[in-house]
Amino acid sequence: MRKQDVHELASADLEYRIAKRGHQVPLDFGDLPVTTSNSFLSKALAHRIAIHSTDLTDEERKIVEDGLINGKVDVVYATSTLAAGVNFPLGAAIFYRWQRYSFDERAHLPINPAEFHNMAGRVGRMGSDHEEGRVIFFPETGSFSDSYKRYLELDALPPIVCRIGSAAFDQLSLQLVASGLCHTRDDVKKLVCTSFSGLREEDYN
């Protein structure tokens, strides 16, 4: 879903909830500088709605993600940023649009099946309130009207492969430290050893 779609749908939902239940006191974000995004977010979160996109700062995203984890958000309108490897206790995912603009081909193209299933996999998590999840998406008319059928062909999905190799390990370690995910050598070791690639290597050896 595009950032514009995220904001339009969230704004419409917020207006509906305000009309139905009245205004709620906006949440106070403390010392965070006021931005257009967090001004909207403070009002939306008071009605248990959130947005998640590249427009948010790291602090604003953390507020949204903490709200999801702590059960304080009912609905989150998001771009694909929410699917970037973070697990949330989500009960359903609705794909409003499943096409993305390709700057190389200068056209909107369907997302590939692997990306679709990565985003769909954000719902239904063992050990959460939603151990089973629902995924809803709509066929679209036009030149890509049959593309959505590929998302249902589970046998046609590409095999899962390890992405961490010894050749790029030095660069990966630097990226983990630079991004703030790891602070020490032991942090890097723990993260890599619990990754898919690390566990696969453990099985092989």
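Just so we're clear, the structure is a prediction, and the values are computed from it rather than from any experiment.

Basis of the calculations
Along each chain, residue indices are assigned from 1 in the same order as the chain's sequence is written. Since the coordinates come from a predicted model, pLDDT governs what is reported: local features require at least 70, and pairs of side-chain atoms require 80 or more to be given and counted, while whole-chain, interface and lining totals use all residues. Values shown for side chains rest on all heavy atoms present in the structure; no hydrogens or waters enter the calculation. Only runs of H or I of at least four residues qualify as helices and only runs of E of at least two qualify as strands under DSSP, and these elements are numbered from the N terminus. Accessibility here uses a 1.4 Å probe with only protein chains present; expressed as a share of the type maximum, an area under 20% marks a residue as buried, one over 50% as exposed, and anything in between as partly exposed. Whether two residues touch is decided by their heavy atoms; if any such pair falls within 4.5 Å, the residues are in contact. Surface exposure here means Shrake-Rupley accessible area, sampled with a 1.4 Å probe, where a residue is shielded only by the protein chains that are shown. Of the two site types, the cavity is a set of points on a 1 Å grid over the protein atoms alone where a 1.4 Å probe fits but cannot get out, and the pocket is an open set with protein on both sides within 12 Å along at least five of seven lines, each lined by residues with an atom within 4 Å of a point. Grid points are joined across faces, edges and corners, and a volume is the space filled by probe spheres set on the points. Under the grouping applied here, Gly and all other residues not named as nonpolar or charged are polar, the nonpolar ones being Ala, Val, Leu, Ile, Met, Phe, Trp, Tyr, Cys and Pro and the charged ones Asp, Glu, Lys and Arg. Strands were regarded as paired on the criterion that DSSP finds at least two bridges between them. We define a salt bridge as a side-chain nitrogen of Lys or Arg found within 4 Å of a carboxyl oxygen belonging to Asp or Glu. Any pair of Phe, Tyr and Trp rings, taking the six-membered ring for Trp, is counted once the centres come within 6.5 Å. Such a pair is stacked with planes under 30 degrees apart, edge-to-face with planes over 60 apart, and tilted for the rest.

Draft legend 1. Spotlight on the overall build of the protein. A tally of regular secondary structure across the protein gives seven helices and six strands. Starting at the N terminus, the α and β elements of the protein follow one another as α-α-β-α-β-β-β-β-α-β-α-α-α. Expressed along its principal axes, the backbone C-alpha trace of the protein runs to roughly 60 × 50 × 35 Å. In the protein, buried positions account for 30% of the 205 residues. Intrachain contacts of the protein at a sequence separation of at least 6 include 60% that bridge at least 24 residues. Of the roughly 14,000 Å² that the protein leaves accessible, carbon and sulfur atoms contribute 53%.

Draft legend 2. Examining the layout of surface pockets more closely. Taken as a whole, the largest pocket holds about 1,100 Å³ of empty space. Within the residue set of the lining of the largest pocket, elements represented by two or more residues are α1 (3-21), α3 (58-69), β2 (75-78), β3 (92-95) and β4 (99-102). Residue classes in the lining of the largest pocket are distributed as 23 nonpolar, nine polar and eight charged.

Draft legend 3. View of the environment of Y101. Tracing the backbone shows Y101 in strand β4. Of the residues examined, Y101 reaches a relative accessible area of 33% and is grouped as partly exposed. In the structure, Y101 is positioned 60 residues away from L41 in sequence and 26 Å away in space, judged by C-alpha atoms. Once residues within four sequence positions are removed from consideration, Y101 is found in contact with R106, A107 and H108.

Draft legend 4. Inspection of the pairing of β2 at higher detail. Where strand β1 (residues 49-52) and β2 come together, four bridges link them in parallel fashion. Along β2, the bridge assignment pairs I51 with Y77.

Draft legend 5. Molecular detail of the pattern of salt bridges. For the structure on display, the rule yields five salt bridges. A salt bridge links K3 to D55, with the nearest nitrogen and oxygen atoms 3.4 Å apart. Here K3, found in helix α1, pairs with D55, found in the loop between β1 and α3; they are 52 residues apart in sequence, far enough to count as distant. On the basis of relative accessibility, which here comes to 37%, the residue K3 falls in the partly exposed class. For D55, a relative accessible area of 36% puts it in the partly exposed group. Two residues, R48 and D74, come together in a salt bridge whose shortest N-O distance is 2.9 Å. With R48 in the loop between α2 (36-46) and β1 and D74 in the loop between α3 and β2, this pair connects stretches of sequence that are 26 residues apart. According to the relative accessible area criterion, R48 is partly exposed, its value standing at 33%.

Draft legend 6. Quick peek at the packing of aromatic side chains. Here the structure, examined in full by the defined rule, presents two aromatic pairs. On the numbers, 4.9 Å between centres and 70° between planes, the contact of F116 with F137 is edge-to-face. Taken together, the residues span a long stretch of sequence, with F116 in helix α4 (residues 113-120) and F137 in strand β6 (residues 134-137) at a distance of 21 residues. Both residues of the pair, F116 and F137, count as buried. Within the aromatic cluster, the residues linked to one another by ring pairs are F95, F116 and F137.

Draft legend 7. Representation of α2 within the structure. For α2, the tally of buried residues reaches eight of 11 residues, placing the bulk of the element in the interior. What α2 keeps buried is the set S37, N38, F40, L41, S42, A44, L45 and A46. Turning to α2, the residues buried within the fold contact α1, β1 and α3. Where α2 ends, the next residue or the one after it, R48, has phi of about 65°, a positive value.

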